[in-house]
Amino acid sequence: QLQLVESGGGLVQPGGSLRLSCGASGFTLDYYTMGWYRQAPGKQRELVAIITSGGITNYADSVKGRFTISRDNAKNTVSLQMNSLKPEDTAVYYCNARRAGDLFNYWGQGTQVTVSS
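Report follows, based on the coordinates. Please read these numbers as outputs of a predicted model, since none were measured by experiment.

Focus: the pairing of strand β1 (residues 3-7)
For a regular strand, side chains alternate in direction, first toward one face of the sheet and then toward the other.
At step 1: Burial along β1 is one-sided: L4 and E6 are buried, and none of Q3, V5 and S7, which face the opposite way, are.
At step 2: The sheet contact formed by β1 and strand β3 (residues 18-25) spans five bridges and is antiparallel. Residue pairing across strands places L4 opposite A24, the latter belonging to β3.

See below:
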């Protein structure tokens with residue numbers, strides 16, 4: 001089956017950094033818009049960052065300047081570099097791939113990021 005698998009989550013102190021990765025199996029990400037979403041306990045899932053097949057990026061205001069989304073089509077992966085982490089960044093982070101007006105829409109299983117002192 002088509003799968004997205006996230007990795008790189010964990011526990012980090014405020015001000016620290018983590019790099020999340022998302023790898024695809026069963027399909028090629030080249031033509032997909034890729035996104036990272038997150039969901040904190042008791043809150044709705046929100047968009048963190050997206051990158052189109054053409055490399056155009058967009059970020060939530062809360063992470064702009066701290067997070068960077070990138071893609072490596074040769075490795076069939078997308079990453080989220082998270083710097084200057086804050087406790088409010090604590091959430092489960094999900095990888096998403098979409099194309100063709102959401103005719104194709106895939107989600108990873110999520111990876112936990114906890115920012116705590």
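And the narrative resumes.
Points about the state of the cysteines
At step 1: In this structure the tally under the stated criterion is one disulfide.
At step 2: In this model C22 forms its disulfide with C95; the gap between the sulfur atoms is 2.1 Å. The chirality of the disulfide connecting C22 with C95 is left-handed, given an S-S dihedral of about -85°. Taken together, the positions of C22 in strand β3 and C95 in strand β9 (residues 91-99) put the pair 73 residues apart, joining distant regions of the chain.
At step 3: The class of C22 is buried, set by a relative accessible area of 1%.
At step 4: Looking at C95, the relative accessible area reads 0%, which means it is buried.

Looking at the pattern of salt bridges
At step 1: Inspection of every chain in the model, using the stated rule, returns five salt bridges.
At step 2: Notably, a salt bridge pairs D89 with R38, separated by 2.9 Å at the nearest N-O pair. Taken together, the residues D89 in the loop between β8 (77-82) and β9 and R38 in strand β4 (residues 33-39) connect sequence positions 51 residues apart. Each member of the pair D89 and R38 is classed as buried.
At step 3: D61 is paired through a salt bridge with K64; the nearest N and O atoms lie 3.5 Å apart.
At step 4: We classify D61 as exposed; its relative accessible area is 69%.
At step 5: Residues participating in the shared-partner salt-bridge network are R38, E46, R66 and D89.

Conventions we followed
Residues numbered from 1 in each chain as written. Predicted model: local features only at pLDDT ≥ 70, side-chain atom pairs only at ≥ 80, totals over all residues. Heavy atoms only, no water. Buried < 20%, exposed > 50% of the residue type's maximum accessible area, 1.4 Å probe, protein only. Helix = DSSP H or I, 4+ residues; strand = E, 2+ residues; numbered from the N terminus. Pairing = 2+ DSSP bridges. Disulfide = S-S within 2.5 Å. Salt bridge = Lys/Arg side-chain N within 4 Å of Asp/Glu carboxyl O.

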